[in-house]
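Descriptive structure summary
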Amino acid sequence: MEKTAIKIGSSTLAMRACEIVRNSGMECELRKLSDSSGKYGCLYAIYVDSENRWRAESMIRSAGIMVLP
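Residues numbered from 1 in each chain as written. Predicted model: local features only at pLDDT ≥ 70, side-chain atom pairs only at ≥ 80, totals over all residues. Heavy atoms only, no water.

**Observations regarding the side chain of Arg-53**
Note that Arg-53 resides in helix H2 (residues 53–62). Reaching out from Arg-53, the side chain makes a polar contact with the backbone oxygen of Ala-5 at a distance of 2.7 Å. Apart from residues no more than four positions distant in its own chain, Arg-53 is found in contact with Thr-4, Ala-5, Ile-6 and Val-48. (Helix = DSSP H or I, 4+ residues; strand = E, 2+ residues; numbered from the N terminus. Polar contact = N/O pair within 3.5 Å; in protein donor to acceptor, adjacent residues only side chain to side chain. Contact = heavy atoms within 4.5 Å.)

Structure representation (structure tokens):
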């Protein structure tokens, strides 16, 4: 199944977001990304199945975690 990234600005928030997603029964993988633009500094992403992206992103935003574009 294809995975898609949901970008988050810090490791702590990304770990929390991944925990929220996992607690809902979805799979989640955390990775550090390189931000060559320097716009975001540290950049992390959680990877979820593409079909679950919007559901996962909605749960993350509801928890007060900002999702980056």
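**Overview of the pattern of salt bridges**
The full count for this structure, using the stated rule, is five salt bridges. We note a salt bridge from Arg-53 to Glu-57, for which the minimum N-O separation is 3.1 Å. On the criterion of helical spacing, the pair formed by Arg-53 and Glu-57 is a turn pair, its members being four residues apart in helix H2. For Arg-53, a relative accessible area of 19% corresponds to the buried category. The class of Glu-57 is buried, set by a relative accessible area of 7%. Measuring nitrogen to oxygen at the nearest pair gives 2.9 Å for the salt bridge that ties Glu-57 to Arg-61. Of this pair, Glu-57 and Arg-61 both sit in helix H2, four residues apart, which is roughly one turn of that helix. Each of Lys-3, Glu-27 and Asp-49 takes part in a single network of salt bridges with overlapping partners. (Salt bridge = Lys/Arg side-chain N within 4 Å of Asp/Glu carboxyl O. Buried < 20%, exposed > 50% of the residue type's maximum accessible area, 1.4 Å probe, protein only.)

**Quick word on the sheet that holds strand E2 (residues 29–33)**
Spatially, the three strands line up as an open sheet ordered E1-E3-E2, and their pairing is antiparallel. This sheet does not close on itself; its edge strands, each paired only once, are strand E1 (3–8) and E2. Across the sheet, the axes of successive neighbouring strands diverge by a mean angle of 35°, strand direction being ignored. Judged from the five bridges that link them, E2 and strand E3 (residues 43–49) form a sheet pairing that is antiparallel. Pairing of Lys-32 across the sheet is with Tyr-44, part of E3. Sitting on the sheet, helix H1 (residues 11–23) is in contact with E1, E2 and E3, with an inclination near 15° to E3. Contacting E1 and E3, H2 runs over the sheet at an angle of about 20° to E1. (Pairing = 2+ DSSP bridges. Axes fitted to C-alpha atoms, helices over the stretch in contact; angles between N-to-C directions.)

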